[in-house]
Amino acid sequence: MNFETFVFYFLAAILLFAALRVITVRNPVHAALFLVLAFFTAAGIWLLLDAEFLAITLVLVYVGAVMVLFLFVVMMLDINLARLREGFWDYLPLAATVAVLLVLEMVVVLGGRHFGADRYPTPMPHGVDYSNTRELGRVLYTDYVYPFEIAAVILLVAIVAAIALTMRRRKTTKYQDPARQIRVKRSQRVRLISMPPEKPDEADAGREN
């Protein structure tokens, strides 16, 4: 066993431990932190596979943005843990079925030599000047440029639709109109009212005396 294989099994063991703790720990904040550990470990495994761009993207996007949002939401909301665990056993058969399917898929992929997958050529080792990011960009913007543009348009439509759904006017909500605020005049901002002074009652005057 060489050093690279040892590092792979070491990171894989940490990844399995972190993934199990995500679904077994009681505190949701601890579960989110274990998920951060799982993301970091998966990024390390991707670095071993010469996929440095995906590893950096996983750390920057998921750990740096998504998990910060998860932690913020979990710590700000008052989550009823007892209510969340009420339907745990109801979803256990479905979860077990999905887990078995995932294990079978991993066995087929990792044990490819027993299923005739060894007929595919082994990829050649890359040179020193090889850049995974450059190759990914070249393939993405040449061979898959049209699917990439279609995906970008779909994401843009989804963003616009989400903004339109959240910004629709409701009758019970008060809105500010910046145009009306700018057009307002000085006489409309402050109004001076002349009121005569109040005279105290006779009873109050006698009481004061």
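Residues numbered from 1 in each chain as written. Predicted model: local features only at pLDDT ≥ 70, side-chain atom pairs only at ≥ 80, totals over all residues. Heavy atoms only, no water.

So, the overall build of the protein chain
A tally of regular secondary structure across the protein chain gives 10 helices and zero strands. Split into buried and exposed, the 209 residues of the protein chain put 12% on the buried side. Partitioning the intrachain contacts of the protein chain with sequence separation of at least 6 by distance along the chain shows that 53% fall at a separation of at least 24. Summed over all atoms, the accessible surface of the protein chain reaches about 18,700 Å², with 67% contributed by carbon and sulfur. (Helix = DSSP H or I, 4+ residues; strand = E, 2+ residues; numbered from the N terminus. Buried < 20%, exposed > 50% of the residue type's maximum accessible area, 1.4 Å probe, protein only. Contact = heavy atoms within 4.5 Å. Areas by Shrake-Rupley, 256 points an atom, 1.4 Å probe, with all protein chains shown as cover.)

A look at the nonpolar core
Formed by Ala 32, Val 36, Phe 39, Ala 42, Ala 43, Ala 55, Leu 58, Val 63, Met 67 and Leu 71, the largest nonpolar core amounts to 10 residues. With residues near it in sequence (within four places) discarded, Ala 43 still touches Ala 55, Leu 58 and Val 59. (Core = buried A, V, L, I, M, F, W, Y, C linked by side-chain atoms within 4.5 Å.)

Considerations on the UniProt feature "transmembrane region" (unreviewed entry) in the protein chain
Here the UniProt feature "transmembrane region" (unreviewed entry) sits at residues 6-24, 31-49, 55-79, 91-111 and 144-165. For residues 31-49, helix accounts for 95% and strand for 0%, while the C-alpha atoms at its two ends are 27 Å apart. (UniProt positions renumbered as here; feature names shortened; annotations may be inferred.)

Digging into the packing of aromatic side chains
Applying the stated criterion across every chain, the model contains five aromatic pairs. With centroids separated by 5.5 Å and ring planes inclined at 70°, the aromatic side chains of Phe 8 and Tyr 9 adopt a geometry described as edge-to-face. Here Phe 8 falls in the partly exposed class, since its relative accessible area comes to 36%. Between Phe 39 and Tyr 62, the ring centres sit 5.4 Å apart and the planes meet at 50°, which makes this aromatic pair tilted. In this pair, Phe 39 sits in helix H2 (residues 28-48) while Tyr 62 sits in helix H3 (residues 52-76), placing the two residues 23 residues apart along the sequence. (Phe/Tyr/Trp six-rings, centres within 6.5 Å; stacked < 30°, edge-to-face > 60°.)

Regarding the packing of helix H1 (residues 3-24) against H2
Where H1 contacts H2, the two axes come as close as 8 Å, and the packing angle between them is 155°. The pairing of H1 with H2 is recorded here as roughly antiparallel in orientation. Two packed elements cross with a definite hand, and for H1 against H2 that hand is left-handed. The segment H1 lies against H2, with Glu 4, Val 7, Phe 8, Leu 11, Ala 12, Ile 14, Leu 15, Phe 17, Ala 18, Arg 21 and Val 22 engaging Ala 31, Phe 34, Leu 35, Leu 37, Ala 38, Thr 41, Ala 42, Gly 44, Ile 45 and Leu 48. (Axes fitted to C-alpha atoms, helices over the stretch in contact; angles between N-to-C directions. Parallel < 35°, antiparallel > 145°, perpendicular 65-115°, else oblique. Left-handed = near helix turned anticlockwise from the far one by under 90°.)

So, the pattern of salt bridges
Counting across every chain of the model gives one salt bridge. Notably, a salt bridge pairs Arg 138 with Glu 135, separated by 2.9 Å at the nearest N-O pair. Within this pair, Arg 138 and its partner Glu 135 are both found in helix H6 (residues 132-140), separated by three residues, close to a single helical turn. By relative accessible area, which is 24% here, Glu 135 ends up partly exposed. (Salt bridge = Lys/Arg side-chain N within 4 Å of Asp/Glu carboxyl O.)

Observations regarding the confidence of the model for the protein chain
Of the residues in the protein chain, 80% have a pLDDT of 70 or more, and the chain-wide mean is 80. Helix H10 (residues 202-208) is the least confidently modelled element of the protein chain, averaging 55 in pLDDT, while helix H7 (residues 145-166) averages 90, the highest of any element. (pLDDT = per-residue confidence, 0-100.)

A word on the side chain of Thr 41
One can find Thr 41 in helix H2. Those residues within four positions of Thr 41 in sequence are excluded, and the remaining contacts are Leu 11, Ile 14 and Leu 15.

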